[in-house]
Amino acid sequence: PPPPPPPFSSRRRHTRYRRSSRGLGDVYKRQQDMLTVYGIKSCDTCRAARNYLTERDIEFRFHDVRDDGVDIQMLERWAARIDWEKLLNRRSLTWRKIAEVDRNDMNQDKAFALIIEQPTLLKRPVLESEDLLAVGFSEERFAAYLTNKP
C-alpha cells in the first residue's frame, strides 16, 4: 500500500493551515498582500472567480458580504481607488425594490448606507489586493493582471 500523506500537504490552499519556514514578518506581509475576494457564496460570478483562482493555485481569502458584512471603511477604501458608482449593483433585485425617487437622487453617502444595510447592492465580486482592485469578474482581465504581476 502507498504511504499515508503527510499531516500538512503542500497542496492545501489556505494559508492558515500551512507550515512555513519563514519568519512571522514574512507571514504577516504575505497575509497583507494576499488577494481577498468579497462576494456572496451563492453568487455565480463569485463562484466563477473563486474557481478560477483555485484552479490556478492562487491563494485568496473569501469574505462573504452577506454573512461577514460590509463596513464604511471598506467602501471608502475602495472608493479612493475607483469610482463609487462601480460598486453599486444597479441590476440587482434589491436595487429595483428601492423607490425610483431614491434611485434617481443617489450620491456616494446614500449608496454606501444602502450597501451597508443591504450587502446584495454591492457589485460582486470585489477582488482586492495591494496592487489590484477589480469589481466584477472577467477571466481576460484577471489573466492580464496575473501575467503582469511580478
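## Notes on the packing of aromatic side chains
- Inspection of every chain in the model, using the stated rule, returns four aromatic pairs.
- Geometrically, the ring pair formed by Tyr38 and Trp78 is edge-to-face, given 4.9 Å between the ring centres and 70° between the ring planes. Taken together, the residues Tyr38 in strand β1 (residues 35–39) and Trp78 in helix α3 (residues 72–79) connect sequence positions 40 residues apart.
- On the basis of relative accessibility, which here comes to 7%, the residue Tyr38 falls in the buried class.
- Seen from their ring centres, Tyr52 and Phe142 are 5.8 Å apart, and the 75° between their planes marks the pair as edge-to-face. One end of the pair, Tyr52, is in helix α2 (residues 44–55); the other, Phe142, is in helix α7 (residues 139–148), and 90 residues separate them in sequence. Residue Tyr52 shares its accessibility class with Phe142, and that shared class is buried.
- Through a chain of ring-to-ring contacts, the aromatic side chains of Tyr52, Phe137 and Phe142 assemble into a single cluster.
- Here the basic side chain of Arg50 rests over the ring of Phe62, its NZ or CZ set 4.5 Å away from the ring centre.
- Across the ring face of Tyr52, the terminal group of Arg56 is positioned such that the distance to the ring centre comes to 3.6 Å.

## So, the packing of α3 against helix α6 (residues 108–117)
- Axis separation between α3 and α6 bottoms out at 10 Å; the angle between their running directions is 135°. In terms of axis orientation, α3 runs oblique to α6. Here α3 and α6 pass one another in a crossing that is right-handed. Along the contact surface, α3 presents Ile72, Leu75, Glu76 and Ala79, while α6 presents Gln108, Phe112, Ile115 and Ile116.
- Considered class by class, the residues forming the contact of α3 with α6 number six nonpolar, one polar and one charged.

## Side note on the pairing of strand β4 (residues 132–135)
- Burial along β4 is two-sided: Leu132 and Ala134 facing one way and Leu133 and Val135 facing the other are all buried.
- Bridge count for strand β3 (residues 126–129) against β4 is four bridges, and the pairing is antiparallel. For Val126, the partnering residue across the bridge sits in β4 and is Val135.
- Following β3, the chain reverses through two residues before pairing antiparallel with β4.

## Concerning the side chain of Arg124
- Checked against the element boundaries, Arg124 lands in the loop between α6 and β3.
- Among buried Asp, Glu, Lys and Arg side chains, Arg124 stands out as unpaired, with Asp64 the closest opposite charge at 8.3 Å.
- From its side chain, Arg124 meets the backbone oxygen of Thr120 in a polar contact 3.0 Å long.
- Among all residues touching Arg124, those that are not within four sequence positions of it are Tyr38, Gly39, Ile40, Cys43, Thr45, Cys46, Asn89 and Gly136.

Thresholds applied
Residues numbered from 1 in each chain as written. Predicted model: local features only at pLDDT ≥ 70, side-chain atom pairs only at ≥ 80, totals over all residues. Heavy atoms only, no water. Phe/Tyr/Trp six-rings, centres within 6.5 Å; stacked < 30°, edge-to-face > 60°. Helix = DSSP H or I, 4+ residues; strand = E, 2+ residues; numbered from the N terminus. Buried < 20%, exposed > 50% of the residue type's maximum accessible area, 1.4 Å probe, protein only. Lys NZ or Arg CZ within 6 Å of the ring centre and 35° of its normal. Axes fitted to C-alpha atoms, helices over the stretch in contact; angles between N-to-C directions. Parallel < 35°, antiparallel > 145°, perpendicular 65-115°, else oblique. Left-handed = near helix turned anticlockwise from the far one by under 90°. Contact = heavy atoms within 4.5 Å. Nonpolar A, V, L, I, M, F, W, Y, C, P; charged D, E, K, R; others polar. Pairing = 2+ DSSP bridges. Lys, Arg positive; Asp, Glu negative; His and termini not counted. Salt bridge = Lys/Arg side-chain N within 4 Å of Asp/Glu carboxyl O. Polar contact = N/O pair within 3.5 Å; in protein donor to acceptor, adjacent residues only side chain to side chain.

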